[in-house]
There are 4 protein chains.
Amino acid sequence: MAARTYGQHATPTSFGAVVAAWGWPLLELSRGLPALREGALFVSLSGAAGTSSALGPKAAETRAGLARALGLQDPGRGWHTDRGPVLRIADWFAGLARGLAKMGADLGDLTMTGIAEVRLAGAGASSTMPQKQNPVAPSALVALNAQVQAQRAALEAAAVHRGQRDGGAWFAEWLALPPLVLGSAAALGVGRALVDAIRPEAETMARALDGGQGLIHAEALSFALAAALPRPEAQAAVKRLCAEAGDSGARLGDLAARDFPDLDLAPVFDPARQMGDAPETARAFAAAVKG
Amino acid sequence: MAARTYGQHATPTSFGAVVAAWGWPLLELSRGLPALREGALFVSLSGAAGTSSALGPKAAETRAGLARALGLQDPGRGWHTDRGPVLRIADWFAGLARGLAKMGADLGDLTMTGIAEVRLAGAGASSTMPQKQNPVAPSALVALNAQVQAQRAALEAAAVHRGQRDGGAWFAEWLALPPLVLGSAAALGVGRALVDAIRPEAETMARALDGGQGLIHAEALSFALAAALPRPEAQAAVKRLCAEAGDSGARLGDLAARDFPDLDLAPVFDPARQMGDAPETARAFAAAVKG
Amino acid sequence: MAARTYGQHATPTSFGAVVAAWGWPLLELSRGLPALREGALFVSLSGAAGTSSALGPKAAETRAGLARALGLQDPGRGWHTDRGPVLRIADWFAGLARGLAKMGADLGDLTMTGIAEVRLAGAGASSTMPQKQNPVAPSALVALNAQVQAQRAALEAAAVHRGQRDGGAWFAEWLALPPLVLGSAAALGVGRALVDAIRPEAETMARALDGGQGLIHAEALSFALAAALPRPEAQAAVKRLCAEAGDSGARLGDLAARDFPDLDLAPVFDPARQMGDAPETARAFAAAVKG
Amino acid sequence: MAARTYGQHATPTSFGAVVAAWGWPLLELSRGLPALREGALFVSLSGAAGTSSALGPKAAETRAGLARALGLQDPGRGWHTDRGPVLRIADWFAGLARGLAKMGADLGDLTMTGIAEVRLAGAGASSTMPQKQNPVAPSALVALNAQVQAQRAALEAAAVHRGQRDGGAWFAEWLALPPLVLGSAAALGVGRALVDAIRPEAETMARALDGGQGLIHAEALSFALAAALPRPEAQAAVKRLCAEAGDSGARLGDLAARDFPDLDLAPVFDPARQMGDAPETARAFAAAVKG
């Protein structure tokens, strides 16, 4: 299928590589859970002002024991005004919502009428437009991420406490953390169901990749020519051929064959040979997920 | 051309109506400038703590005179800690960036490979991909609006002063206001140039609207049938025909003519008669701009 | 009482002027409600894509009639992708939360141990610290405003629709608008109750204003001297006296009388004559509220 | 000195513990630099669409070699649309600005007229008020953090790319990253200089801690009584004594000695014995910094 930059066809990629790009950040979040638990799930037991004064001479032991009993870490001190651990947890959830929103944004684009490289089984029916298959779940992922982002920003604003505990900052954190976590969790549920509904349309992808004129291979052609010509000349030549193709509707491959009859153009215009490491990327991701 | 909701073809509209949707919010901003000047461009002259104590017995007259001399409004009191006027100015600029970003977002979509209902003259060349016409200006509008939004949020956070003047809030406003104004102004410059480069591709629009099967007329068909059948039956019938068209590749109009031979289908499948008030909207906007 | 800038005593003000500074923005919001209703409470009835195509030839009349029936305004066109009206409503609510947060922030400061110029009847008891009177309601106002700000930013991000309706942006607006409105309404309830609990401590205010040394009158002294001396010399002289007072603990008034025996210092060191227009400001606000 | 929660005196702490609370998050950032470099400073070399197709058969080796040459990490794949690494770098800088803003916020409070437990050498002079020592640097830290937060939110919004590279998101990142880094760096410079100017006022702290009535020891008294009485009775008794002290101006210690003559009150009302682990916290931080 065609990779897009700025919404424009750029070079060939594969649907597997696209899925891997969605999946790697999520897989890394999953792998990062143990470190997050160790670096952020802290017991908090150090009295009103963080000095443990009311907890008696064994305050440190008490805190350590409570941490063990609750399966939490003991940071070895009070951390009332250091909201870093809470923000690290929030960042994990925000990363989850963000990663799913990326999938949602791409599926919204890939299901657009006129592109339709992906179909979503059971996509949303419109109340009045019978022909429509609205990508409702992808839209929900985008929206949930927007809400999670807003709460992430609210947590950041609440992270500077005045004094040894700041009522306004503390309450602001209480208001922001639950919808952040719930929003990310909702996105996970939506995303999980959405994954089962994804139907890549291989024929549509292939047809779009070629686009009737094979212009997506212009970069590869330019690099192939650069083996024989100085690079600026190679680029200028391909640019000229692209313009001619645009005017005449001719295939770029035919024009290239006409002007550079000695060049071996087969690999240049074979999408399967122009995907770079897309297949390896997809396979590496699949292997990592299985692992 | 096809209107899109959720990225999907919905019902017919016109390019003029799309442009009017971009333009109305901008026109309203332009019309709102006098009220903004009156309601927000205030003189500030009321001493260190807003009491005018050091300005002598004629403090009010002095402030009023300064306002006149500078072409500003005199709110009749100090407003050190009421950042509402500054936020109203910021909202005006944010509205400008937002309105231009809407145009940018749509142009980004309308120039996508596979859609291409708009071409941008002189669009961005790629450094390595000779076939590409990157919608750089639309991307810049989207990015500038993101930056302006960030500064708008920073101003909101700086709008609660402690005491009679809050150093932290005041400095935060100083940091946020210039990039907000400059970002909006930059967007206006980019947008102004972009407007001249817009090339609607009427044939591509018309071809996409029909989509080979005329499914975009499903809603109109459903309402036409509802004149003869109970509405739920009409909707179910059209849904069935859409599904059949999807499977067989047939035109919806042909299927409708087969099943409902007595119905006058010509207006239903004529895009020019299914645009609703899109033409009036476009004309009203054009007249308003001229006015 | 002392006005503070940067947290430092600046010049004298009055508690009434402080209250007026809290109240003016709220009063203006109240006064702005009719204009808001007219400029933002719009009927939305223009079909799936904003063209009213399915609403028949009398679409405009239908929309106008619905607006009348619902007590809404008819903007005379579809406004699917122009979220300006929604943002104007949101700004009103954000202004409410912001105005109340200003009162909350000041009450948090004015009730600080060591300042205590205001006492809050029925302030929050601490679970373990019997001496404490936590300003819980002011903290809640600060926190609710932080949440409202976050939702305001989320609405701004959701205000750029792609195409004729954008699922992601639309859903994001649904998620942000209710907590914004509810958060502001909650702040109004908290603020309303808080107002009844405010107990200004006049003696503490007066004592703090003088601060034992009368340094808050330094600016007034400097302006009084400037009637006789060049301004830079006057400022330098007062700066020197302030430094001497700081070292020796002497009263600024005594030092000034020693060095400038001919000057009429009574008005300079009389707080009631150094409040500038603070009393008028307070009275004007009270009259405006009654009106 | 008195620890404050909700701005109210809570229990005794030490200035060293306050400094440690400022410092720990900064020290952890410093310690986290190597992991950040490894987990986020990635080489990016994988072609226009992330497939390395134009980089030839040795693309992976080329990327690894470039990483080595530049002292960067090689993530082993393209990461065009995964802005996680950039956000991790941004979070580090945001944490820096946040940590410094906490110090700024506390110094703003501790230098307030009427509190003055810290003096800042060379604090900002006022242009007209000779007595003032404005905490300008603390205000700057608060403001810089607000700006950095705004840019952090802008980066989050720019972190969801559409397709294989998203012009709008990419440009938005370009606009946000430099001011985020520069804002944090500026805060570091301001903070570094500010540290040298901090003058803790030990006598003022001690006087404020006692407050003339020793009410800050109410919690400790309550826990001491709870050794002899049921806890609710102990709490009620102390609450009663606090109220009596409030009415009569008596010292809490005297009232306690009157009502509980058999209790050893010396440790309860000795601040040095009511600081809990504040001294250890301060020493542990100092040792960690030296280490």
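Cut-offs and rules
- Each chain carries its own residue numbering, running from 1 in the direction its sequence is written.
- Labels follow written order: the first chain is A, the first ligand is 1, and so on.
- The predicted nature of this model means local features are confined to residues of pLDDT at least 70 and side-chain atom pairs, given and counted, to a pLDDT of 80 or more, with totals for whole chains, interfaces and linings taken over all residues.
- As a rule here, side-chain values come from all non-hydrogen atoms in the structure, and water together with hydrogens is ignored.
- Every residue pair with non-hydrogen atoms within 4.5 Å of one another is taken to be in contact.
- Two parts placed together each lose some accessible area under a 1.4 Å probe, and the buried area is that loss summed for both.
- What makes a salt bridge here is a side-chain nitrogen of Lys or Arg within 4 Å of a carboxyl oxygen of Asp or Glu, nothing more.
- We define a polar contact as two N or O atoms separated by no more than 3.5 Å, with the added condition that, inside protein, one atom must be a possible hydrogen donor and the other a possible acceptor, whereas residues neighbouring each other in sequence contribute only through side-chain atom pairs.
- In this classification, the charged set is Asp, Glu, Lys and Arg, the nonpolar set is Ala, Val, Leu, Ile, Met, Phe, Trp, Tyr, Cys and Pro, and all remaining amino acids, among them Gly, are polar.
- For Phe, Tyr and Trp, where Trp contributes only its six-membered ring, two rings pair if their centres lie within 6.5 Å, and the inter-plane angle classes them as stacked under 30 degrees, edge-to-face over 60, or tilted in between.
- The helix count covers DSSP runs of H or I at least four residues long, the strand count covers runs of E at least two residues long, and both are numbered beginning at the N terminus.
- For every residue, the accessible area (1.4 Å probe, protein chains only) is compared with the maximum for its type, and the residue is labelled buried under 20%, exposed over 50%, or partly exposed between those bounds.
- By definition here, charges over rings are those cases where NZ of Lys or CZ of Arg is within 6 Å of the ring centre and within 35 degrees of the ring normal.
- Residues belong to a common nonpolar core when they are buried Ala, Val, Leu, Ile, Met, Phe, Trp, Tyr or Cys residues joined through side-chain atoms within 4.5 Å.
- Superposition of the copies used a least-squares fit over C-alpha atoms from residues whose pLDDT is at least 70 in both.
- Expected span of a helix: the number of residues minus one, times 1.5 Å.
- Strands pair, by our definition, only if DSSP identifies at least two bridges between them.
- An axis is simply a line fitted to the C-alpha atoms; with a helix, the fit covers only the stretch in contact. Between two such axes, the angle follows the N-to-C directions and lies from 0 to 180 degrees.
- Between 65 and 115 degrees an angle is taken as roughly perpendicular, under 35 as roughly parallel, over 145 as roughly antiparallel, and anywhere else as oblique.
- Helix crossings fall into two classes, left-handed where the near helix is turned counterclockwise from the far one by less than a right angle and right-handed where it is turned clockwise.

Draft legend 1. Here's a closer look at the interface of chain A and chain D. The interface of chain A with chain D comprises 58 residues on the first partner and 58 residues on the second. Both faces considered, chain A and chain D share a buried interface measuring about 4500 Å² in area, 50% of it formed by carbon and sulfur atoms. It is Tyr6(A), Arg77(A) and Arg98(A) in chain A that bury the most area against chain D; as a group they hold 14% of the surface buried on that side. Summed over the shared surface of chain A and chain D, the result is 8 salt bridges. Measuring nitrogen to oxygen at the nearest pair gives 2.8 Å for the salt bridge that ties Glu156(D) to Arg98(A).

Draft legend 2. Just the interface of chain B and chain C, in detail. Every contact between the two is made by 58 residues of chain B and, on the other side, 58 residues of chain C. Both sides of the chain B and chain C interface together cover about 4500 Å² of buried area, and 50% of this is carbon and sulfur. On the chain B side of the contact with chain C, Tyr6(B), Arg77(B) and Arg98(B) bury the most area, a combined 14% of that side's loss. Our enumeration of links across chain B and chain C arrives at 8 salt bridges. Summed over the shared surface of chain B and chain C, the number is 24 residue pairs in polar contact (both at pLDDT 80 or more). Across the side of chain B that touches chain C, the residue classes break down as 25 nonpolar, 17 polar and 16 charged.

Draft legend 3. Main features of the packing of aromatic side chains. According to the stated counting rule, one finds 28 aromatic pairs over all chains in the structure shown. Judged by centre distance (6.0 Å) and plane angle (65 degrees), the ring pair of Phe171(B) and Tyr6(C) falls under edge-to-face. Of this pair, Phe171(B) sits in helix α5 (residues 167-197) while Tyr6(C) sits in the loop between β1 (2-5) and β2 (8-12), placing the two residues on different chains. Residue classification places Tyr6(C) among the buried residues on the basis of a relative accessible area of 13%. With a centroid separation of 5.1 Å and 35 degrees between ring planes, the pair formed by Phe171(D) and Trp174(D) is classed as tilted. Of this pair, Phe171(D) and Trp174(D) are both found in helix α6 (residues 167-197), 3 residues apart, which corresponds to roughly one turn of the helix. For Trp174(D), a relative accessible area of 48% translates into the label partly exposed. An aromatic cluster is present here, built from Tyr6(A), Trp170(D), Phe171(D) and Trp174(D) joined pairwise through their rings. A cation over a ring is seen here: Arg77(A) above Trp24(D), with NZ or CZ 3.8 Å from the ring centre. Between the NZ or CZ atom of Arg165(C) and the centre of the ring of Trp170(C), over which it lies, the distance is 4.0 Å.

Draft legend 4. Highlighting the pattern of salt bridges. Residues and elements named next belong to chain C. All told, the structure shown has 60 salt bridges over all chains when counted by the stated rule. For the salt bridge of Arg152 with Asp91, the shortest nitrogen-to-oxygen distance reads 2.4 Å. Here Arg152, found in helix α5 (residues 136-157), pairs with Asp91, found in helix α4 (residues 84-110); they are 61 residues apart in sequence, far enough to count as distant. Classification of Arg152 as buried rests on a relative accessible area of 3%. A salt bridge links Arg251 to Asp210; its shortest N-O distance comes to 2.7 Å. Within this pair, whereas Arg251 is found in the loop between α9 (231-248) and α10 (252-259), its partner Asp210 is found in helix α7 (residues 202-210), the two being separated by 41 residues in sequence.

Draft legend 5. The environment of Gln151(D), seen in detail. For Gln151(D), the position within the fold is in helix α5 (residues 136-157). Taking the C-alpha atoms as reference points, Gln151(D) and Ala237(D), 86 residues apart in sequence, are found 52 Å from one another.

Draft legend 6. Looking closely at the nonpolar core. Trp22(B), Leu107(B), Val118(B), Trp22(D), Leu107(D) and Val118(D) are the most contacted members of the largest nonpolar core, which totals 70 residues. Aside from chain neighbours lying at most four places away, what touches Leu107(B) is Trp22(B), Val118(B), Leu120(B), Pro138(B), Leu194(B) and Ile198(B). Among the nonpolar cores identified, the runner-up in size contains 46 residues, and Ala90(A), Ala154(A), Trp92(C) and Met205(C) belong to it.

Draft legend 7. Representation of the relation of the copies chain B and chain C. For the pair chain B and chain C, the superposition axis carries a translation of 0.0 Å, the fit reaches an RMSD of 0.1 Å, and the rotation angle comes to 180 degrees. Viewed as a symmetry operation, the transformation between the two copies matches a two-fold axis. Rotation axis and chain B: the residue whose C-alpha lies nearest the axis is Ala153(B), separated from it by 3.0 Å. A high fraction, 100%, of the interface residues of chain B reappear at the interface in chain C, so the copies pair face to face through one surface.

Draft legend 8. Unusual backbone geometry, seen in detail. In the Ramachandran plot, Ala116(C) falls in the positive-phi region, its phi being about 50 degrees despite a non-glycine side chain. Tracing the chain through its elements places Ala116(C) in the loop between α4 and β3 (118-120).

Draft legend 9. A look at α5(D). Taking 1.5 Å per residue, 22 residues should reach 32 Å; α5(D) reaches 32 Å between its end C-alpha atoms and fits that length. With 17 of 22 residues buried, α5(D) is to be regarded as a mostly interior element.

Draft legend 10. Spotlight on the side chain of His80(D). Residue and element names in this part refer to chain D. Here His80 lies in the loop between α3 (59-70) and α4 (84-110). Reaching out from His80, the side chain makes a polar contact with the backbone oxygen of Ala48 at a distance of 3.5 Å. When residues no more than four places from it in sequence are discounted, the contact partners of His80 are Ser44, Ser46, Gly47, Ala48, Ala49, Gly50, His161, Gln164 and Arg165.

Draft legend 11. Spotlight on the environment of Asp74(B). Residues and elements named next belong to chain B. Tracing the backbone through its elements, the reader meets Asp74 in the loop between α2 (59-70) and α3 (84-110). According to the relative accessible area criterion, Asp74 is partly exposed, its value standing at 31%. Once the C-alpha coordinates of Asp74 and Leu41 are considered, the two residues, 33 residues apart in sequence, prove to be 8.6 Å apart. Setting aside its immediate chain neighbours within four residues, Asp74 contacts Val43, Ala60, Arg63, Ala64 and Ala67. A polar contact is formed between the side chain of Asp74 and the side chain of Arg63, at a distance of 3.2 Å. Only 2.8 Å separates the side chain of Asp74 from the backbone nitrogen of Gly76, close enough to count as a polar contact.

Draft legend 12. Quick look at the pairing of strand β2 (residues 8-12) of chain B. Residue and element names in this part refer to chain B. Along β2, 5 of the 5 residues are buried, which leaves the element largely enclosed by surrounding structure. Relative to β2, strand β1 (residues 2-5) runs antiparallel, the two sharing 3 bridges. Residue pairing for β2: Arg4 is matched across the bridge by His9. Between β1 and β2, which pair antiparallel in sequence order, lie 2 residues; one of them, Tyr6, sits at a positive phi of approximately 55 degrees.

Draft legend 13. Layout of the packing of helix α4 (residues 136-157) of chain A against helix α5 (residues 167-197) of chain A. Residues and elements named next belong to chain A. For the pair α4 and α5, the least separation of the axes is 8 Å and the interaxial angle reads 160 degrees. One element, α4, and the other, α5, form an angle in the roughly antiparallel class. Handedness of the α4/α5 crossing: left-handed. Taken together, the residues of the contact of α4 with α5 sort by class into 17 nonpolar, 4 polar and 2 charged.

Draft legend 14. Summary view of the environment of Gly276(B). Tracing the backbone shows Gly276(B) in the loop between α9 (252-259) and α10 (278-290). The partly exposed category is assigned to Gly276(B), whose relative accessible area is 35%. With 264 residues separating them in the primary sequence, Gly276(B) and Pro12(B) have C-alpha atoms 8.3 Å apart. Contact partners of Gly276(B), with chain neighbours within four places excluded, come to Thr51(C), Ser52(C) and Ser53(C).

Draft legend 15. Just helix α8 (residues 231-248) of chain A, in detail. With 18 residues, α8(A) ought to run about 26 Å at 1.5 Å a step, and its terminal C-alpha atoms sit 26 Å apart, in line with that. Gly249(A) lies just past α8(A) and shows a positive phi near 80 degrees.

Draft legend 16. Region of the structure containing the side chain of Thr5(C). As for its position among the elements, Thr5(C) is in strand β1. Overall, the relative accessible area of 3% leaves Thr5(C) in the buried class.

Geometric descriptors of this kind do not, in isolation, establish any biological role.
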